[in-house]
Amino acid sequence: MANNTEYEPTLTDDEDEVEELQEWDDWNAEEEEEESSDLDSELLCLFCDSRYTSCDELFDHCSSTHRFDFRAIRKELGLSFYSSFKLINYVRSQVAENRCWSCGLTCLSNKDLQNHLHETVNLKDIKPLWNSDEYLKPFLQDDSVLYSFGEDEEGEDDYSVAVDKDELMSDVRYFEEICIDHEIHVEKIATDSDTSCESGKRDVGSSSNGYSNTASSSGKVTANGVSSGEHVGSADRMTKVKNIRAYIPNHGSKGIKNINDDYFASYSSFGIHREMLSDKVRMDAYGQAILKNPSLLKSAIVMDVGCGTGVLSLFAAQAGASRVIAVEASEKMASVATRIAQDNGLLWKCPAGSTTQGSGVIEVVQGMVEELDKSKVIQPHSVDVLLSEWMGYCLLYEAMLSSVLFARDKWLKPGGAILPDTATIFVAGFGKGATSLPFWENVCGFNMSCVGKELFDGAAKVPIVDVVEDRGLVTSAAILQTFDLVTMKPDEVDFTASVELEPNCGGATSGSNDLKSETTWCYGVVLWFETGFTSRFCKEMPAVLSTSPYTPQTHWMQTILTFQEPIAVTSGKSCVDRSAAVGTEVCPAARIQLRISIARAASQHRNIDISLETAGIDPHGRKHSWPVQLFNLC
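Description of the structure in this document. Everything numeric here is computed off the predicted structure, so don't read it as measured data. (Residues numbered from 1 in each chain as written. Predicted model: local features only at pLDDT ≥ 70, side-chain atom pairs only at ≥ 80, totals over all residues. Heavy atoms only, no water.)

1. Some thoughts on the pattern of salt bridges
- Here the structure, examined in full by the defined rule, presents 18 salt bridges.
- A salt bridge links Arg92 to Asp143, with the nearest nitrogen and oxygen atoms 2.7 Å apart. With Arg92 in helix 5 (residues 81-96) and Asp143 in the loop between helix 7 (123-126) and helix 8 (165-178), this pair connects stretches of sequence that are 51 residues apart. With respect to class, Arg92 is no different from Asp143; both count as buried.
- The salt bridge involving Asp618 is made with Arg622; its shortest N-O contact spans 3.2 Å.
- Its relative accessible area of 29% is what places Arg622 among the partly exposed residues. (Salt bridge = Lys/Arg side-chain N within 4 Å of Asp/Glu carboxyl O. Helix = DSSP H or I, 4+ residues; strand = E, 2+ residues; numbered from the N terminus. Buried < 20%, exposed > 50% of the residue type's maximum accessible area, 1.4 Å probe, protein only.)

2. Considerations on the nonpolar core
- Among the nonpolar cores identified, the biggest contains 104 residues, and Met303, Leu396, Val427, Leu594 and Ile598 are the most heavily contacted of them.
- Ignoring any residue separated from it by four or fewer positions in sequence, one finds Leu396 in contact with Leu401, Ile425, Phe483, Val493, Phe495, Ile598 and Ile608.
- Counting residues in each nonpolar core, the second largest holds 35 residues, with Cys45, Leu77, Leu79 and Phe85 among its members. (Core = buried A, V, L, I, M, F, W, Y, C linked by side-chain atoms within 4.5 Å. Contact = heavy atoms within 4.5 Å.)

3. Digging into the pairing of strand 14 (residues 520-533)
- Counting buried positions along strand 14 gives 12 out of 14 residues, so the element sits mostly inside the fold.
- Of the pairings in the sheet, the one linking strand 10 (residues 422-430) to strand 14 comprises nine bridges and is antiparallel in character. Bridged to Gly429 within strand 14 is Val525.
- One ladder, built from four bridges, connects strand 14 with strand 15 (residues 543-546); its direction is antiparallel. Counted as the bridge partner of Glu530 is Ser546 from strand 15. (Pairing = 2+ DSSP bridges.)

4. Quick look at the packing of aromatic side chains
- Scanning all chains against the criterion turns up 15 aromatic pairs.
- With centroids separated by 5.5 Å and ring planes inclined at 85°, the aromatic side chains of Phe456 and Tyr523 adopt a geometry described as edge-to-face. Of this pair, Phe456 sits in helix 19 (residues 449-459) while Tyr523 sits in strand 14, and the two are 67 residues apart along the sequence. Comparing Phe456 with Tyr523 shows no difference in burial state: the two are buried.
- A centroid spacing of 5.9 Å and a plane angle of 75° characterise the contact between Phe483 and Phe495, whose relative ring orientation is edge-to-face. Highlighted residues: Phe483 in strand 12 (residues 478-484) and Phe495 in strand 13 (residues 495-501), separated in sequence by 12 residues. Take Phe483 and Phe495: they sit in the same class, and that class is buried.
- Members of the aromatic cluster, joined through ring pairs, are Phe47, Phe59, Phe68, Phe70, Tyr90, Trp101, Trp130 and Tyr135. (Phe/Tyr/Trp six-rings, centres within 6.5 Å; stacked < 30°, edge-to-face > 60°.)

Here it is in structure tokens:
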């Protein structure tokens, strides 16, 4: 999960020296001064619109005008560089809400806030306010202050550190990936060309190690500690402890509208559509389900919920559908989908003023599917096939499944088909090899494990979306929850389920007759999902879309939940120290019990809250539980 770096020795060859001299000859000092001046002028005040050319001037202004003495605060609290980094982002976030950074009072306007700002009496009491790792993500994109404040004071005091900007930006990108914020994601993509979008993808090869006997997509899985010969979709293997009633946050209609507007706006960027269209696993599964099942699609009325570019609608038209209603809430993407359908001769009604006559079957409707009845384009319960690619990170992020279920209940005929018709969430434990810890233990021969430990501690507070290879897993895989989209109720989107994971240490002791098994460490759990286009509707050729670590990588990757501390596990009946706590090296756990809840977030209904309860059980049945962990995927 960490980015590997390569050590490059200094070149002393004569040709390299000549090349370097030529490069120096091409250097234009005046141009560099102008570029540097432009960059420096971007130092924006934390409280107002004033801009400065140096951090010294900026912080002098903040101290004299806004009673915020940044340098004195750093010195009094002994803030490290990263703590100072958090402080700046925290202050900016509070000012954006017209809230006092020190006492928390919310003002009616920024002008009122300026008048209210005051010196802080006890800084130590408020230090925890910005101690969260969420403030390692820049509040303002390309905030020059974040990368400049260390330069003006380098070497002055013990707490000052020299900062390598390239290394800092790498670390910032790492923490930006922890929280998937669509608004920031879109702003970034909007400034990138298609080329940079393509090159910006993670260069992580898919894994093909021999764990296929436990891979969910290729056969057996373990559900609640019981080996199952069934393929995915075996709901009877999963024990559902308790169903949480669906919680629809009461933000008020304006708040919900703003959240939805921001969400749909995030899909107005072509970069994110290129990423999805380039996902071979995604496109192959949907292509197979739609194009290889002629008895389902021929002459059918199809509804595509959240059509985006309209590629699934194009597939449906190609498969022989008599009518395709492509629903898209983003005004921009609805326009794009209309143009694409028209350019391919598949649009039913061409826009006013068009020189071509529509002869196709696709009709693009701009709006949310929940508001489709206002357009009167289709009668209730008249759709033969409901089609949607609704899945988000950890399956449920973005809360689009609720819209699909609404469309099912409102528009689908009795006995109509849904593609996909099943969805399953899986969980497994991962080991040290799936973390960045090994990288930091040996960097050019130096021990930097303290950095890895700090990253590990921070990861225990937030979910991470990244690629985990199958060789990084140290337990069996288990089915956490299965959804049947044909029969499930809308309030079943939120759930609580319990599973049991068993260590998978067989490879380490292969060929040994000794009962004692090598102890390994489980650092957390990884979640992934599969959606099924089953033979219930896809009678000619069923399909599966898997985001498993055992299958080729997708743009969904996997969702990682890190334990507060690693748990020692063993697959054998080795002697244990019964006086020691379960999960330690001298008393490893033989099983890990998990109780996981996933629900739509109260503060933002398109985010999801995840709670994780973990317990270890030793070979003799003794149990040790760890405090519950709460994660927000935002």
